[in-house]
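Next come the chains, spelled out residue by residue.
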Amino acid sequence: MRASTGIIAVIAAFLLAAHPGAGRAYAPGDTVRPEDADGKSADAFFRILPVDDSVFARMKGKSYKDGCTVSRDSLRYVRVLHKDASGAVKVGEMVVAKSIADDILDIMRTLYEASYPIERMVLIDEYGADDDLSMRADNSSAFNYRKVAGTAVLSKHSLGLAVDINPLYNPYCKRAKDGRMIVSPANAAEYADRSREFPYKIEKGDLCYRLFTSRGFKWGGDWKSLKDYQHFEK
């Protein structure tokens, strides 16, 4: 019996090495081999999970700051696949509110199957939970316990109820009182001109817009006093 168990273990190790998608061998941000990203092989990547100790260790003191009033149990870790503009398949991850986790998983699965491009999707903690650094890197993210810039009001991101998609190419834009256009991140100024065509652009009526708004999310590109083209909140 022991010999049989040993043989089974060797075979299992070989199968995991040959098919790492099934064995969760890919890390967030990794490029996935085509044979591990097609059909049923892709299913293993699309998961909603509790925020376990390993994920929470990455968040603590960063997106999950000292004094955070949001319970860990009210959050979920969502793991997905996404394609960039070149068609490369990447492992993506987000932490969102439990109440929208099913929405996000379904939306991301549909975007993936439609080859809708998302450049990068790792936890904002990889950027020290610095929103500007994450946006500059065009990193799509969700939960981050913080206030709305320039206010004392908690952002919807603090509750895990907001998602930013391709933020470099879909910036926050606001007209200052002196007439200047404020664009965030600052390296996204050229993408404030929404009449231009460029990769990763979110437009009203496109697939990303339709999927989010059909599930009750509001798009920052529809706001009147400012535009936040990357932002969807519920």
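Residues numbered from 1 in each chain as written. Predicted model: local features only at pLDDT ≥ 70, side-chain atom pairs only at ≥ 80, totals over all residues. Heavy atoms only, no water.

A. Just the layout of surface pockets, in detail. Its boundaries defined by the atoms lining it, the largest pocket holds a volume of some 460 Å³. As for the largest pocket, its lining consists of 20 residues, and the residues nearest its centre are Arg 146, Val 148, Ala 149, Tyr 172 and Asp 228. At the level of elements, helix H4 (131–136) and strand S9 (231–233) are the ones that each hand at least two residues to the lining of the largest pocket. The class makeup of the residues in the lining of the largest pocket is six nonpolar, seven polar and seven charged. (1 Å grid on protein atoms, 1.4 Å probe; cavity = no way out; pocket = protein on both sides within 12 Å on 5 of 7 lines; lining within 4 Å. Points joined across faces, edges and corners; volume = space filled by probe spheres on them. Helix = DSSP H or I, 4+ residues; strand = E, 2+ residues; numbered from the N terminus. Nonpolar A, V, L, I, M, F, W, Y, C, P; charged D, E, K, R; others polar.)

B. Quick peek at the sheet that holds strand S7 (residues 218–219). Taken together, the three strands give an open sheet; going across it, the order is S4-S9-S7, and neighbouring strands pair in antiparallel fashion. A strand with exactly one partner marks an edge of an open sheet, and here the two such strands are strand S4 (162–164) and S7. The pairing of S7 with S9 spans two bridges and is antiparallel. Along S9, the bridge assignment pairs Lys 218 with Glu 233. (Pairing = 2+ DSSP bridges.)

C. The sheet that holds strand S6 (residues 181–184), seen in detail. The strand order across the open sheet built from three strands is S6-S5-S8, with neighbouring strands paired in antiparallel fashion. Each having just a single partner strand, S6 and strand S8 (227–228) make up the two edges of the open sheet. Where strand S5 (residues 172–175) meets S8, two bridges bridge the pair, whose relative direction is antiparallel. Residue pairing in the sheet places Cys 173 in a bridge with Lys 227 of S8.

D. The arrangement of the nonpolar core in detail. Among the nonpolar cores identified, the biggest contains 46 residues, and Leu 81, Met 94, Ile 104, Met 108, Ile 165 and Phe 212 are the most heavily contacted of them. Breaking this core down by element, the ones donating at least two residues are strand S2 (75–83), strand S3 (89–97), helix H3 (101–113) and helix H5 (207–213). Apart from residues lying up to four places away in sequence, Leu 81 is in contact with Val 32, Ala 37, Ala 42, Phe 45, Phe 46, Val 89, Lys 90, Val 91, Met 108 and Tyr 112. Judged by nonpolar contacts, the second largest core, of 13 residues, contains Val 55, Tyr 64, Cys 68 and Val 70. (Core = buried A, V, L, I, M, F, W, Y, C linked by side-chain atoms within 4.5 Å. Buried < 20%, exposed > 50% of the residue type's maximum accessible area, 1.4 Å probe, protein only. Contact = heavy atoms within 4.5 Å.)

E. Seen up close, H3. In this model H3 runs 18 Å from its N-terminal to its C-terminal C-alpha over 13 residues, within 8% of the 18 Å that 1.5 Å per residue would give. Those residues of H3 lying buried are Ala 101, Asp 103, Ile 104, Leu 105, Ile 107, Met 108, Leu 111 and Tyr 112. Where H3 is buried, its residues touch strand S1 (47–50), S2, S3, S4 and H5. Positive backbone phi, approximately 60 degrees, marks Ser 115, located one or two places after H3. (Expected span 1.5 Å × (residues − 1).)

F. Highlighting empty space enclosed by the protein. One pass over the full model with this rule turns up one cavity of 30 Å³ or more. Lining of the largest cavity is provided by Glu 93, Met 94, Val 95, Val 122, Leu 123, Ile 124, Asp 125, Ser 141, Ala 142 and Phe 143. Split by residue class, the lining of the largest cavity holds seven nonpolar, one polar and two charged.

In short, geometric facts, not functional conclusions.
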